[in-house]
Amino acid sequence: MKRRIIAFTVVFLFIFSSISLALDSNLYFQDLRIGLENMSSNSLQITLNGDYKFNDNIMLSGTSHVLNINIDKINMDGIDYDGIVLIPQNKDNTLTLKAGLKTYSYIGTIEFTIKSGNIVPINIVNIEDYLKGVVPYEMSNSYPLEALKAQAVAARNYAIANIGKHKDRGYDLCDTTDCQVYRGYNSNYNNSAKAVEDTRGIVLLYNEKLVDGYYAASNGGYTEDSSNIWSKAEPYLKTKIDEFDNENWPYGDMSFKSSDIDLKLKSKGYIKSDCSFLRIDLSSIKKYDSARVASIDVIYKDMNGIEQRLTFTKDRARTFLSLPSSMYDVTYDESIDTYTFKGKGYGHGIGMSQIGAKNRAIAGQNYDSILNFYYDGTYLINLLNQSKNIIINKNKFVESESAFITYDGDFEGYLYKYVIEKDGNVVFVRDYSKDKTLTYKCDKAGNYKIHLYIRYNDSQNTYDEEKSAEFIIETGTVNNSQSSSVPNDTNGTIPSDNNESTQNNKDSSKTTTEDITKPSDTNTKQDSNTSKESLIRTLNISRSLTKGMKGNDVKALQEYLKILGYKVDINGTFDNKTYTAVVDFQKKNKITSSGIVGIKTVTALNKAVTSRYVTTVIPSRGESEKSPVVSLSISGILKKGSSGEQVKKLQEALKYLSYNIDVNGKFDSKTEAAVKQFQKSNKLVSDGIVGNKTIQLLEQKLRLR
């Protein structure tokens, strides 16, 4: 993905991903399979720096072994194998590979397979260790730390966005310029390693999607719009002046005789061998605002002696002669038949300039400022999200009860260790494992404290986070009516594992909502709040809902969130969007923002929806069940240009009915288009003006939903 240049000591070109991908944070926590194509050979020497397990045997540290191909087998130590997998017995172990004159060391498991007549090693490694073998080879380790941090974030995005790129070859990514240059572990590159550690888990997003984080060695003083180089336009990749990069071509001007150009065009397949180059039409050159060449024409003679014109546009205006960039001027000296190209920059010029990042860091800018300049409107998030808590199903227990303990983070890459103290003395220890849940038998009365130690799967620390919580065990016997507590997310509880909660969970996927609660057939007067809630489609969830769950109750939750304007998919799966919406709702309603939906959250959701749309109607004794009365509480006429709470209510209703609009309280073009579409589909005058008929029909549709 790069060419080393002495003057730059940076990458020629790094391409992130050709498409924007919705963020799946779980991808961050899975190990990567890196095909070490650069080390592919018919003979390899390996040296073990630490013990490694192979099949049922331990290969000792300090030993060296030679791997050769024997027909379709890999021969090691005189024995043929279909494949070889070496597993380190300590995470700090390294395996040194030597292929010809190339020698590199690698952390993690190493597989050896045969492909196309060569032994291809595959390194299985976590993403952060992988990045430590990428960053110093995509940007010089001598660059300022903040520039290296920006590079680390870009490389992390690339890895996540491109997992599985080479799945047809049996691995995720390769170690060449086709993906990212990866050369394993090198203890000398401390600066790059620190940049990776300091940005651990951080990725760059635009509208909740991983960015196409293109970057090049130098932009020559002007970033380029992505649509000018490739066909795809991205709102965060635009043309603008970069005052921190004004580099000329690293090797100076480039000159070509006509015979050189003829040979280049034929070697690249642009013209056939029986054709001949005639000239570059200098008058045909067109340029973008950035001074990069937008198009350039070449004249050649075909096999019949007829002149033909070949136009090179976008990135081909650079690559057709393997020029450093497309930011150039061309002159022609007829006396010596020579074209001279004089230019600036190196690479395509889209996204981050590595020279610019370096100079910005020297000027005092931090890595997020650097990224913000080169990728307009993007933002950083940390996938590790270290603000989670211990959850206990309740705070007080009696002897012989069980305490159910968990952690409300949902990260596959974490390891968890539990330590429980009673009155200051350690009474229970469960060592690190991937299981974040714990069931603890409450056998003795006293004051208890839980310590949860969290370690990332690639961390060398004793622990990376510590959480604690307290509970009490009292003398007595179990009272079933007390222990079967309902979910209460104000103190982070989850359902108790007893008969009552088990019974409730049994039918949760079948009946999770009550369409309309039947009115009382007595003369007892209902207060207005009770009437409101009894006449709407009540959200009735019989279990606590957490990320990853599925069912009709999750779907009902999503429908309520959608009513309230949250961008969620009604798919019955408690996914990332649903989790984010729940956390935001809990924060706004002063509920512990755990993302777990218990009775407190359900009550608040019912109240929020009720107060927004429902008008109180109390049926008289003996009246039949009535439909819920839905009111948007909109008076007067709304049209394009209107603003305020009434517009916001209109937008929320339209959004709930699956129209693609923004809930911003402004009657903008999107809102007008949605109104017209609604009117047209319901056989109203499609004028985009919201009056009584449109409002009445909206209310009717809301009732049906």
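Residues numbered from 1 in each chain as written. Predicted model: local features only at pLDDT ≥ 70, side-chain atom pairs only at ≥ 80, totals over all residues. Heavy atoms only, no water.

1. A closer look at the overall build of the chain
Within the chain, the secondary structure is distributed over 18 helices and 38 strands. Considering the chain as a whole, with its 705 residues, one finds that 50% of them fall into the buried category. A fraction of 62% describes how many contacts in the chain between residues 6 or more apart in sequence connect residues 24 or more apart. In the form shown here, the chain has an accessible surface area of approximately 32700 Å², with 46% of it arising from carbon and sulfur atoms. (Helix = DSSP H or I, 4+ residues; strand = E, 2+ residues; numbered from the N terminus. Buried < 20%, exposed > 50% of the residue type's maximum accessible area, 1.4 Å probe, protein only. Contact = heavy atoms within 4.5 Å. Areas by Shrake-Rupley, 256 points an atom, 1.4 Å probe, with all protein chains shown as cover.)

2. Some thoughts on helix α16 (residues 645–656)
With 12 residues, α16 should cover 16 Å at 1.5 Å per step; its first-to-last C-alpha distance of 16 Å lies within 8% of that length. Within α16, nine of the 12 residues are buried, which leaves it mostly tucked inside the rest of the structure. Every buried residue of α16 is accounted for by Val647, Lys649, Leu650, Gln651, Glu652, Ala653, Leu654, Lys655 and Tyr656. (Expected span 1.5 Å × (residues − 1).)

3. Thoughts on the packing of aromatic side chains
Using the criterion set out here, one finds 25 aromatic pairs in the structure. On the numbers, 6.1 Å between centres and 85° between planes, the contact of Phe29 with Tyr414 is edge-to-face. Here Tyr414 lies in strand β32 (residues 414–422) and Phe29 lies in the loop between β2 (21–22) and β3 (32–35), a separation of 385 residues in the sequence. One exposure class covers both Phe29 and Tyr414, and it is buried. Summarising the aromatic geometry, the rings of Tyr214 and Trp230 are spaced 4.7 Å apart at their centres and angled 35° between planes, so their arrangement reads as tilted. Of this pair, Tyr214 sits in the loop between β17 (209–210) and β18 (215–216) while Trp230 sits in the loop between α5 (226–229) and β20 (240–241), placing them 16 residues apart in sequence. Taken together, the aromatic side chains of Tyr28, Phe29, Tyr407, Tyr414 and Tyr416 make up a single cluster linked through ring pairs. We note Arg183 situated over the ring of Tyr104; from NZ or CZ to the ring centre the distance is 5.7 Å. The ring of Phe373 carries the charged tip of Lys240 above its face, separated from the ring centre by 4.1 Å. (Phe/Tyr/Trp six-rings, centres within 6.5 Å; stacked < 30°, edge-to-face > 60°. Lys NZ or Arg CZ within 6 Å of the ring centre and 35° of its normal.)

4. Section: the nonpolar core
Counting residues in hydrophobic clusters, the biggest one holds 98 residues, and the most contacted among them are Leu86, Phe112 and Tyr130. Not counting residues up to four positions away in its chain, the partners in contact with Phe112 are Leu44, Ile46, Leu67, Ile74, Gly83, Ile84, Leu86, Leu97, Ile119, Val120 and Pro121. (Core = buried A, V, L, I, M, F, W, Y, C linked by side-chain atoms within 4.5 Å.)

5. Things to note about unusual backbone geometry
For Glu208, which is not glycine, the phi torsion reads 70° and is therefore positive. Phi at Asp337 is positive, roughly 50°, even though this residue is not glycine. Mapped onto the elements of the fold, Asp337 is located in the loop between β25 (328–333) and β26 (338–343).

6. What to know about the environment of Ile79
Summarising the element assignment, Ile79 is placed in strand β9 (residues 79–81). The spatial distance from the C-alpha of Ile79 to the C-alpha of Leu67 is 9.9 Å, given a sequence separation of 12 residues.

7. Some remarks on the pattern of salt bridges
Within the structure shown, the criterion is met by 31 salt bridges. The closest approach of N and O atoms between Asp175 and Arg183, which form a salt bridge, is 3.8 Å. We note that Asp175, like Arg183, is buried. As a salt-bridge pair, Lys422 and Asp423 come within 3.1 Å of each other at their nearest N and O atoms. Overall, the relative accessible area of 45% leaves Asp423 in the partly exposed class. (Salt bridge = Lys/Arg side-chain N within 4 Å of Asp/Glu carboxyl O.)

8. Quick word on the packing of helix α13 (residues 552–563) against α16
Taken N-terminus to C-terminus, the directions of α13 and α16 make an angle of 150°; their axes are 8 Å apart at the nearest point. On α16, the residues touching Glu559, Lys562 and Ile563 of α13 are Glu652, Lys655 and Tyr656. The class makeup of the residues in the contact of α13 with α16 is two nonpolar, no polar and four charged. (Axes fitted to C-alpha atoms, helices over the stretch in contact; angles between N-to-C directions. Nonpolar A, V, L, I, M, F, W, Y, C, P; charged D, E, K, R; others polar.)

9. Comments concerning the sheet that holds strand β10 (residues 84–88)
Taking strand neighbours across the sheet as the criterion, the seven strands line up as β6-β5-β10-β13-β14-β3-β15 in an open arrangement whose pairing is mixed. One side of each edge strand has no neighbouring strand; the edge strands of this open sheet are β6 (57–59) and β15 (173–174). (Pairing = 2+ DSSP bridges.)

10. Section: the sheet that holds strand β4 (residues 43–49)
Read across the open sheet, the six strands follow the order β9-β8-β7-β4-β11-β12; overall the sheet is antiparallel. Two strands close off the open sheet at either side, each with one partner strand: β9 and β12 (102–107). Between one strand and the next, the sheet's axes are offset by a mean angle of 25°, whatever the strand orientation. As paired strands, strand β8 (residues 73–76) and β9 are joined by three bridges and run antiparallel to one another. By the bridge assignment, Ile74 is partnered in β9 with Tyr81.

11. Describing the packing of helix α3 (residues 145–161) against helix α8 (residues 354–362)
The interhelical angle for the contact between α3 and α8, taken along N-to-C directions, is 140°, at an axis separation of 7 Å. It follows that α3 is oblique to α8 by the angle criterion. Viewed along their axes, α3 and α8 form a crossing whose handedness is right-handed. For the pair formed by α3 and α8, the contact residues are Glu146, Ala147 and Gln151 on the first element and Gln354, Ala357, Lys358 and Ala361 on the second. Here the residues of the contact of α3 with α8 are counted per class, giving three nonpolar, two polar and two charged. (Parallel < 35°, antiparallel > 145°, perpendicular 65-115°, else oblique. Left-handed = near helix turned anticlockwise from the far one by under 90°.)

12. Considering the environment of Ser255
With respect to the element layout, Ser255 can be found in strand β21 (residues 254–257). You can call Ser255 partly exposed: its relative accessible area is 46%. Apart from the residues within four sequence positions on either side, Ser255 is in contact with Thr338, Tyr339 and Thr340. Within the structure, Ser255 has its side chain in polar contact with the side chain of Thr340 (distance 3.4 Å). (Polar contact = N/O pair within 3.5 Å; in protein donor to acceptor, adjacent residues only side chain to side chain.)

13. Focus: the pairing of β32
Of all nine residues in β32, seven are buried; the element is thus mostly enclosed. In this structure, β32 lies alongside strand β35 (residues 446–456), joined through nine bridges in antiparallel fashion. Opposite Leu415, over in β35, you have Arg455 as the bridge partner. Taken together, the six bridges between β32 and strand β33 (residues 425–433) define a ladder with antiparallel strand orientation.

14. Quick word on the side chain of Ser284
Looking at the element boundaries, Ser284 is found in strand β22 (residues 276–287). For Ser284, the side chain forms a polar contact with the main-chain oxygen of Asp281, separated by 2.6 Å. Setting aside residues up to four positions removed in sequence, Ser284 forms contacts with Ser295, Ile296, Asp297 and Arg309.

15. Some words on the environment of Lys701
Inspection of the secondary structure assignment puts Lys701 in helix α18 (residues 692–704). Relative accessible area serves as the criterion here: at 28%, Lys701 is assigned to the partly exposed category. When the C-alpha positions of Lys701 and Leu654 are compared, they lie 9.9 Å apart, and in sequence the two are 47 residues distant. Not counting residues within four places of it along the chain, the set of residues in contact with Lys701 comprises Leu657, Phe678 and Asn682.

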